[in-house]
Each structure stands twice: as C-alpha cells, then as structure tokens.
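So the chains spell out like this:
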Amino acid sequence: MKKIAIIGGGLSGLYAATLLENNYNITLFEARERLGGRVYTVDGFDLGPSWIWPHQNRIVELVRSLGLSIFRQYRNGEALYETPQEVQRFNPAPNAPSGRIIGGIGALIDQLALQLKRAQINLCETVQMLAQNNDQILLTSNKNEYQFDHVIITLPPRLTLQSLRFDPPLPTELQNRFAATPTWMGHSVKCVIEFETPFWREMGLSGFCFSHSGPMGEVHDACTFDRYALFGFIRSETDMRTIEAQVRQQLQHLFGENASPIIGFHCVDWRKELFSSVEIDARPLMEHPNYGLNSDYLNNKITFIGTETSYHEGGYLEGALASTDKIAHLLNT
Ligand SMILES: Cc1cc2nc3c(=O)[nH]c(=O)nc-3n(C[C@H](O)[C@H](O)[C@H](O)COP(=O)(O)OP(=O)(O)OC[C@H]3O[C@@H](n4cnc5c(N)ncnc54)[C@H](O)[C@@H]3O)c2cc1C
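Residues numbered from 1 in each chain as written. Predicted model: local features only at pLDDT ≥ 70, side-chain atom pairs only at ≥ 80, totals over all residues. Heavy atoms only, no water.

## Some details on the overall build of the protein
Check the secondary structure of the protein and you find 8 helices and 21 strands. On C-alpha atoms alone, the protein measures out to a radius of gyration of 21 Å, which is about the 20 Å that the 2.2 N^0.38 rule sets for 333 residues. Taking all 333 residues of the protein together, 51% fall into the buried category. Counted over contacts in the protein with a minimum sequence separation of 6, partners at least 24 positions apart contribute 69%. In the structure as shown, the protein presents an accessible area of about 15700 Å², 49% of it carried by carbon and sulfur atoms. Here the protein contributes 28 positively and 36 negatively charged side chains, and the mean placements of these two sets differ by 3 Å. (Helix = DSSP H or I, 4+ residues; strand = E, 2+ residues; numbered from the N terminus. Rg over C-alpha atoms; globule rule 2.2 N^0.38 Å. Buried < 20%, exposed > 50% of the residue type's maximum accessible area, 1.4 Å probe, protein only. Contact = heavy atoms within 4.5 Å. Areas by Shrake-Rupley, 256 points an atom, 1.4 Å probe, with all protein chains shown as cover. Lys, Arg positive; Asp, Glu negative; His and termini not counted. Charge placed at Lys NZ, Arg CZ, Asp CG, Glu CD.)

Below, the structure written as structure tokens:
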C-alpha cells in the first residue's frame, strides 16, 4: 500500500483519514495533544464552532451516519440590544435556523476518531518540513523523519506558509495566495458562561444579545440538555487580562437581579492559538472571504485541503468536508 501523511487532525484531516484508510497506509500528524483543531468542546460546551445549517448536506449526513443528533438553536423570545446607557428588548428578524449537535461538535470528532481502524494517529507531533526526495516526500517533525508517497496538508493556508518549510520552496504565486487567505474565525475570542438556571428563558428572552458597549458583542443561548449557559463573542478591542470580571459586569447590566449565579466560565482566544492562526489573522474580517484554492505541489505529491481551500462553504465545517471529499475522490479512483 502507498503511504500517505495527513498533516492536521482537525475535521478535514480526520475525515480524510476515514475516507482513505482502506486504500492507503495513513499516518496522521497532529501538533496538539488533542484532535479537533478549531473544533473544541469542553463539558459539552463548544468553544470553537457550534452551528450547522440544514442546507449543509455533507455535515448533516455525516452527523446522522455517526449516530449523532442535531437539535435546533434556541431562539424563542425577545433579544436584547445593549448600549452604555440602556438595554432594549426587540424582536430580531428571523434568520436561517441553525442546529447544534447533542454533546457538542466535539462529539463528531470523537465519533470519527473511534471509527478509524487502520490509520496511525500521532498526537503532539508537529510537522516542520517537507522535502522532495526522489519519488517520495521526506517529512520532518519535532520527533522524527519519515518517507511518504503523498502528503495532504490540512492547515489554514497562512499557517502552512508560516510554520512549514518546503524544499524546493513553494512557488511565489502560491505563497502570495496563501498569505492573502485569512484563517476563518482566527480573530475570534469565544467564552461560555454556565449558570444554575436558564433565567433568560424564564424572562421571555432567547439569550441573543447584541452590544456595542460590553466585552461580548454578540451573545447566544448555549444550553445543553441538562446544563444552562450563554456564549459570547468578545469584541476585538477588549482587554483580555480582566475578561471574566468584565463579562460578569456586562451580564449584570444585561439581566440585573434576574441573573442566576455563574457556576462556570470558559474562554478561548483563538488569536493566540499557535496551531490555528497567525498574527495577522487577529484583524477582524469585514465580510466572509472568497475562499477556494485548487492546488497541489510537486506533481501532486503534496495536496492542500482544509476549509479555507473549499469553494463550497469555505470557512465552515461543511467546507472542511467538501475540500476533503474532492481529494479523497481523486485518490480513491
Ligand atoms: C470560535 C469559532 C467559531 C466557529 N463557528 C463555526 C460554526 O458555528 N459553524 C461552522 O461551520 N464553522 C465554524 N467555525 C469554523 C470551523 O471551526 C472550521 O471550519 C473547521 O473546524 C476547520 O477544520 P479544518 O480541519 O479545515 O482546520 P483546523 O481545525 O484548523 O485543523 C488544522 C489542524 O492542524 C493542526 N496543526 C497545525 N499546525 C500543525 C503542524 N505543523 N503539524 C501538525 N499538525 C498541525 C492543528 O492543531 C489542527 O488540528 C468556527 C471556528 C471558530 C474558531
């Protein structure tokens, strides 16, 4: 069997391993001590992605095929709009209903990993260099050197450019394209606040809040079936050293005496995640980038996939699957 290295154990890399392991000898390299990449679920709460949408056929089908279930994002009731002076209730315009996975998106990663039968998974192994070596690729990691027939890179393009060395170097045109491709949500800071009760629901509120003044610019319901939480995206200019105190103060302003005690607080600053984004990704994006990249290198021996390379739903979980389907189809036929 030919040997393939997959670099990155996020959704793209894991899904690629699933689709290819019957026909190839697969080794997946993951720099972190956990699988999932930008998918990161703690105690059932999503600190990375939360939502999938009904039109996203691949992810909806994958969730179902793995025996997981989708439930509707809670949106019943009024929303809040916060300014420094006041908090107003309003009825937001209806938008496309988003769904969440029972157990969080992390449950999808866990199930995919459990399905793997042959692929070798190397956690805590950071790939550093790829070099052409006759008909093969010499892969150098922080731990070892290996030879592969083919290498699939799933990193966000800017991270590929910054953290992997290539011999011979990537063509300048490709380097420029990678540099110009923002890492989706690389600018984001997401926090989850757990409460004793879903008090906002009891107040006739959906949990959706919109603010120009508090640290959380956008807040949503994040309850699971037996735990009660809100999640918020932190505004980029917020001083992260005192984030928890600021969030508590904002919740006080939003809900006053009605708020029940906070029993848990989690926060991930994705701008600081070295295996997800690069410094320039911290700049907030004004619109969804025009993602998509058809690219391989060294006569198809190195292929780039990952959500940012997908023309279809690029940036989203669905895009990660679409980019993977394309290469798996080519390699399996
Ligand atoms: C806060 C947040 C909210 C989001 N919300 C949504 C949402 O609601 N819906 C949605 O569809 N999408 C959402 N997204 C986007 C979604 O998370 C991504 O589309 C998806 O997870 C990308 O998967 P991927 O495998 O392509 O990339 P990644 O998950 O980035 O995988 C790349 C992997 O490579 C690893 N790696 C990096 N460098 C190396 C190296 N040198 N050697 C080995 N391994 C390496 C990383 O650790 C990582 O595991 C959100 C993202 C964030 C951060």
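## Things to note about the domain arrangement of the protein
When the domains of the protein are assigned, the result is domain 1 (3-52 + 107-184 + 285-332) and domain 2 (69-102 + 187-272). On the domain 2 side, the residues contacting the 18 residues of domain 1 number 21 residues. Three residues stand out in domain 1 for area buried against domain 2, namely Phe45, Leu47 and Trp51, and they jointly supply 47% of the buried area on that side. Counting the contacts that link domain 1 with domain 2 gives 1 salt bridge. With a closest N to O distance of 3.9 Å, Arg227 and Asp43 form a salt bridge. In this structure, the connection of domain 1 to domain 2 is made through 6 residue pairs in polar contact (both at pLDDT 80 or more). If you list the elements that add at least two residues to the side of domain 1 that touches domain 2, you get strand 4 (45-46) and helix 3 (106-115). (Domains from an automatic or database assignment. Buried area = accessible area lost by both parts, 1.4 Å probe. Salt bridge = Lys/Arg side-chain N within 4 Å of Asp/Glu carboxyl O. Polar contact = N/O pair within 3.5 Å; in protein donor to acceptor, adjacent residues only side chain to side chain.)

## With respect to the nonpolar core
Counting 35 residues, the largest nonpolar core has Leu11, Ile59 and Leu108 as the members making the most contacts within it. Secondary structure elements with two or more residues in this core: strand 1 (3-7), helix 1 (11-20), strand 2 (25-29), helix 2 (57-65), helix 3 and helix 8 (317-332). Residues in contact with Ile59, not counting those within four places in the same chain, are Leu11, Ile52, Leu108, Leu317, Glu318 and Leu321. Counting 23 residues, the second largest nonpolar core, distinct from the first, contains Val151, Ile153, Phe166 and Phe304. (Core = buried A, V, L, I, M, F, W, Y, C linked by side-chain atoms within 4.5 Å.)

## Focus: the pattern of salt bridges
Under the defined criterion, the tally for this structure stands at 13 salt bridges. Among the ionic pairs, Arg201 bridges to Asp221, the shortest N-O distance being 3.0 Å. Placement of the pair is Arg201 in helix 6 (residues 199-202) and Asp221 in strand 17 (residues 216-221), with a sequence separation of 20 residues. Residue Arg201 is classed as partly exposed on the basis of its relative accessible area of 29%. Of the charged contacts in the structure, one is a salt bridge between Arg241 and Asp239, with a shortest N-O distance of 2.9 Å.

## A short note on the sheet that holds strand 15 (residues 189-195)
Pairing is mixed in the open sheet, where 7 strands are placed in the order 7-6-16-17-18-15-19. Only two strands of the sheet have a single neighbouring strand rather than two, namely strand 7 (87-90) and strand 19 (262-269). Neighbouring strand axes in the sheet, compared pairwise and without regard to direction, differ in orientation by 20° on average. Taken together, the 4 bridges between strand 6 (residues 78-82) and strand 7 define a ladder with antiparallel strand orientation. If you follow Tyr81 over to strand 7, its bridge partner there is Gln88. (Pairing = 2+ DSSP bridges. Axes fitted to C-alpha atoms, helices over the stretch in contact; angles between N-to-C directions.)

## Comments concerning the site of the ligand
Close to the ligand lie 38 residues; Ser12, Glu30, Arg32, Gly315 and Leu317 are nearest. The separation between an oxygen atom of the ligand and a polar main-chain atom of Gly10 is 3.5 Å. For the ligand, whose unbound accessible area comes to 1000 Å², protein coverage reaches 98%. Put simply, the parts of the chain that give the shell around the ligand at least two residues each are helix 1 and helix 8. In terms of residue class, the shell around the ligand is built from 20 nonpolar, 14 polar and 4 charged. (Near = heavy atom within 4 Å. Nonpolar A, V, L, I, M, F, W, Y, C, P; charged D, E, K, R; others polar.)

## Quick word on the packing of helix 2 against helix 8
Packing of helix 2 against helix 8 leaves a shortest axis separation of 8 Å and a crossing angle of 90°. Taken together, the axis directions place helix 2 and helix 8 in an arrangement best described as roughly perpendicular. Across the interface between the two elements, Asn57, Arg58, Ile59 and Leu62 of helix 2 pack against Leu317, Glu318, Leu321, Ala322 and Asp325 of helix 8. Of the residues in the contact of helix 2 with helix 8, the class split is 5 nonpolar, 1 polar and 3 charged. (Parallel < 35°, antiparallel > 145°, perpendicular 65-115°, else oblique.)

## Comments concerning helix 2
Regarding helix 2, the residues found buried are Ile59, Val60, Leu62 and Val63. Each buried residue of helix 2 sits inside an arc of 165° when the element is viewed along its axis, so together they form one side. Exposed and oriented more than 90 degrees from the buried face of helix 2 are Asn57 and Arg64. Looking at the packing, one finds that the buried side of helix 2 touches helix 1, strand 5 (70-72), strand 8 (99-101), helix 3 and helix 8. A positive backbone phi angle near 80° is found at Gly67, which sits one or two residues after helix 2. (Arc of directions from axis to C-beta.)

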